[in-house]
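These are the residues of each chain, in order.
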Protein chains: 2
Amino acid sequence: MDKYDSLKLGNQLCFPLYAAGKEIVKKYHPYLAEYDLTYTQYITLMVLWETDNISVKELGNRLLLDSGTLTPLLKSMEKKGFVTRKRSEEDERVVFVCLTDEGRALRDRLLHIPEQMGRCVCLSREEAGQLYMLLGKLLNGLSQDER
Amino acid sequence: MDKYDSLKLGNQLCFPLYAAGKEIVKKYHPYLAEYDLTYTQYITLMVLWETDNISVKELGNRLLLDSGTLTPLLKSMEKKGFVTRKRSEEDERVVFVCLTDEGRALRDRLLHIPEQMGRCVCLSREEAGQLYMLLGKLLNGLSQDER
DNA sequence: TTCAATTAGATTGTACACAATTTAATTGCG
DNA sequence: CGCAATTAAATTGTGTACAATCTAATTGAA
């Protein structure tokens, strides 16, 4: 027990969070690369499958990403033919994102991925639930005191 | 309950992991920027404070980062005067990283950061412990079937 | 011993991720 | 109304992050 204990990597909660986030996203790579998708593009599709014709702003709220990340991401997905982008007519500041038929069709083709990823996660159902709950609580707390 | 439930963002364990990792690292930014440090540089210092004169390889093992990330990172930290890099004489393939006096001195100057970050995490001590344990288990499992 | 295989770092190319700034459109207060 | 403040995207610049490849050094089996 010394005065520097708080600066030891092994005593940080942040490091395993950072590392686990990175490592699990990495696990998706081989599965998603087959479909010319990245993880960020994959979760973008998830939002669109549930809510098509969504603004970039709202997409950013759901994914916790800003326009600096989303603008080039969406342009790349547009080039691949998965989405279209169209400026709103009521409010010219807003850009709506829509799925193409090909983007919609991916939903069926990617259905096997959650199952395959689930096998990489060596946690019981209860542990996974616990983890999910704690992460939600943490995320909620982090955004509470947003400046 | 429909066939696409497994592809809903809200049913993913990975998304909150990815998001929480990102968001908590973001919280460090204002504290670390004062010292011209990034989060990755900060955790690199943590390893060096505990184990000075370490190879790039071993540093990568501890931080779960590869040479593609570490090489430019260490060069930048060298330019700022926090570390030095020296090729091993016994094995010319290996590069050792050492703290400079300035890098060592940062340990005292950054001692307030873990405490300030702790206040951003709205979890009880038990919950934080639970989370830490579950993340460790998850990370351990992810690296089990490394190919 | 010798050379094929392995290893450690470095390099290249791609893709985020975000802070900070910019631009253009809209809103709302006086 | 008129214009300052706000808002949504886009842009710019910096810093990871990693797959894939490359280079040079070392190792180990025939």
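Data block above holds the structure.
Per chain, residue numbering runs from 1 following the sequence as it is written. A letter from A marks each chain and a number from 1 marks each ligand, given out in the order of writing. Residue-level local features of this predicted model are given only where pLDDT is at least 70; pairs of side-chain atoms are given and counted only at 80 or more, and the full residue set underlies all totals for whole chains, interfaces and linings. Here the side-chain values reflect all heavy atoms present in the structure, with hydrogen atoms and water set aside.

Participant: I'd like to hear about the interface of chain B and chain A, residue by residue, with values.
Facilitator: Note on contacts: a residue pair is in contact if any heavy atoms of the two residues lie within 4.5 Å. Taken together, the 58 residues of chain B in the interface contact 58 residues of chain A. Note: buried area is the sum, over both parts, of the accessible area (probe 1.4 Å) each one loses when the two are combined. Looking at the side of chain B facing chain A, the largest losses of area belong to L7, Y18 and L142 of chain B, adding up to 11% of the total buried there. The term salt bridge refers to a pairing of a side-chain nitrogen on Lys or Arg with a carboxyl oxygen on Asp or Glu at a separation within 4 Å. Inspection of the chain B/chain A interface yields 4 salt bridges. Here K137 of chain A makes a salt bridge to E127 of chain B, at a shortest N to O gap of 2.5 Å.

Participant: If you had to explain the pairing of strand β3 (residues 95–99) of chain B to someone new, which residues and values would you point to?
Facilitator: Residues and elements named next belong to chain B. Each residue is assigned to one of three classes by its accessible area relative to the maximum for its type, calculated with a 1.4 Å probe on protein chains only: buried under 20%, partly exposed between the two thresholds, exposed over 50%. Numbering of helices and strands runs from the N terminus, with a helix taken as a DSSP run of H or I at least four residues long and a strand as a DSSP run of E at least two residues long. Most of β3 is tucked away: 4 of the 5 residues are buried. The rule for pairing is simple: two strands pair if DSSP sees at least two bridges between them. Looking at chain direction, strand β1 (residues 54–55) and β3 are connected through 2 bridges and run antiparallel. Each bridged residue has a counterpart across the sheet, and for I54 the counterpart in β3 is V97. The pairing of strand β2 (residues 83–87) with β3 spans 5 bridges and is antiparallel. Each residue of the ladder has a partner; that of V83, found in β3, is L99.

Participant: Got a sec to walk through the sheet that holds strand β1 (residues 54–55) of chain A? Specific residues and values, please.
Facilitator: Residue and element names in this part refer to chain A. With antiparallel pairing, the 3 strands of this open sheet are ordered in space as β1-β3-β2. The open sheet terminates on both sides in strands that have one partner only, identified here as β1 and β2 (83–87). Orientation is described by axes fitted as lines to C-alpha atoms, over the contacting stretch for helices, and by angles from 0 to 180 degrees between their N-to-C directions. Along the sheet, helix α2 (residues 39–50) contacts β1, β2 and β3 (95–99); its crossing angle with β3, the most-contacted strand, is approximately 90 degrees. Here helix α4 (residues 67–79) sits on the sheet and contacts β2 and β3; the angle it forms with β2, its principal contact strand, is near 120 degrees.

Participant: Could you give me a rundown of the relation of the copies chain B and chain A, with the residues and numbers involved?
Facilitator: Mapping chain B onto chain A leaves a residual RMSD of 0.0 Å; the transformation is a rotation of 180 degrees accompanied by 0.0 Å of translation along its axis. Considering both components of the superposition, the chain copies are consistent with a two-fold axis. Within chain B, the C-alpha atom positioned nearest to the axis of rotation is that of G21 of chain B, 2.8 Å from it. Comparing interface residues between copies, 100% of those in chain B also sit at the interface in chain A, which points to an isologous, same-surface contact. When the copies are overlaid, the least-squares fit takes in C-alpha atoms only where the residue has pLDDT of at least 70 in both copies.

Participant: If you had to explain helix α4 (residues 67–79) of chain B to someone new, which residues and values would you point to?
Facilitator: Residues and elements named next belong to chain B. Compared with the 18 Å implied by 1.5 Å per residue over 13 residues, the 18 Å span of α4 between its first and last C-alpha is a close match. Residues of α4 that are buried include every one of L70, L73, L74 and M77, and no others. Angularly, the buried residues of α4 cover 100 degrees about the axis, an arc narrow enough to put them on a single face. Away from its buried face by more than 90 degrees, α4 exposes G68 and K79. Contact partners of the buried residues in α4: α2 (39–50), α3 (56–63), β2 and β3. A 3.5 Å cut-off defines polar contacts: any pair of N or O atoms within that distance qualifies, except that in protein one atom must be a possible hydrogen donor and the other a possible acceptor, and neighbouring residues in sequence count only when both atoms are side-chain atoms. Its side-chain oxygen 3.1 Å from the backbone nitrogen of G68, D66 forms the N-cap of α4. A helix is expected to span 1.5 Å for every residue after the first. Each direction from the helix axis to a C-beta atom contributes to the arc, which is the arc of those directions.

Participant: Give a description of unusual backbone geometry that names residues and reports values.
Facilitator: The bulk of non-glycine residues show a negative phi, and the bulk of peptide bonds are trans. One non-glycine residue with positive phi stands out, namely L64 of chain A, at about 60 degrees. For L64 of chain A, the location among the structural elements is in the loop between α3 (56–63) and α4. Of note in this structure, D36 of chain B is not a glycine but carries a positive phi near 60 degrees. Relative to the elements of secondary structure, D36 of chain B occurs in the loop between α1 (14–33) and α2. Here D36 of chain B falls in the partly exposed class, since its relative accessible area comes to 47%.

Participant: Report on the pattern of salt bridges, specifying residues and quantitative values.
Facilitator: Any two side chains of opposite charge can pair, so long as their charged atoms come close to each other. By the definition in use, this model includes 26 salt bridges over all chains. One salt bridge connects E23 of chain A with K22 of chain A, and the closest N-O pair in it is separated by 3.8 Å. E23 of chain B is the partner of K26 of chain B in a salt bridge, and the nearest nitrogen-oxygen pair spans 3.1 Å. Pair noted here: K26 of chain B and E23 of chain B are both in helix α1, with a separation of 3 residues, about one helical turn.

Participant: Can you tell me about the protein's contact with DNA strand C, naming the residues and giving the values?
Facilitator: Working definition: residue near molecule or strand if any one of its non-hydrogen atoms lies within 4 Å of it. Close contacts around DNA strand C come from 29 residues, with T38 of chain A together with Y18, K57, S67 and T71 of chain B the closest. Counted by atom, the contact set of DNA strand C within 4 Å of the protein is 80% sugar and phosphate. Interatomic distance of 2.7 Å between a side-chain N/O atom of T38 of chain A and a phosphate oxygen of DNA strand C. Secondary structure elements with two or more residues in the surface near DNA strand C: α2 and α4 of chain A together with α1, α3, α4 and β2 of chain B. Note on residue classes: Ala, Val, Leu, Ile, Met, Phe, Trp, Tyr, Cys and Pro are nonpolar, Asp, Glu, Lys and Arg are charged, and everything else, Gly too, is polar. When grouped by side-chain class, the residues that make up the surface near DNA strand C number 7 nonpolar, 10 polar and 12 charged.

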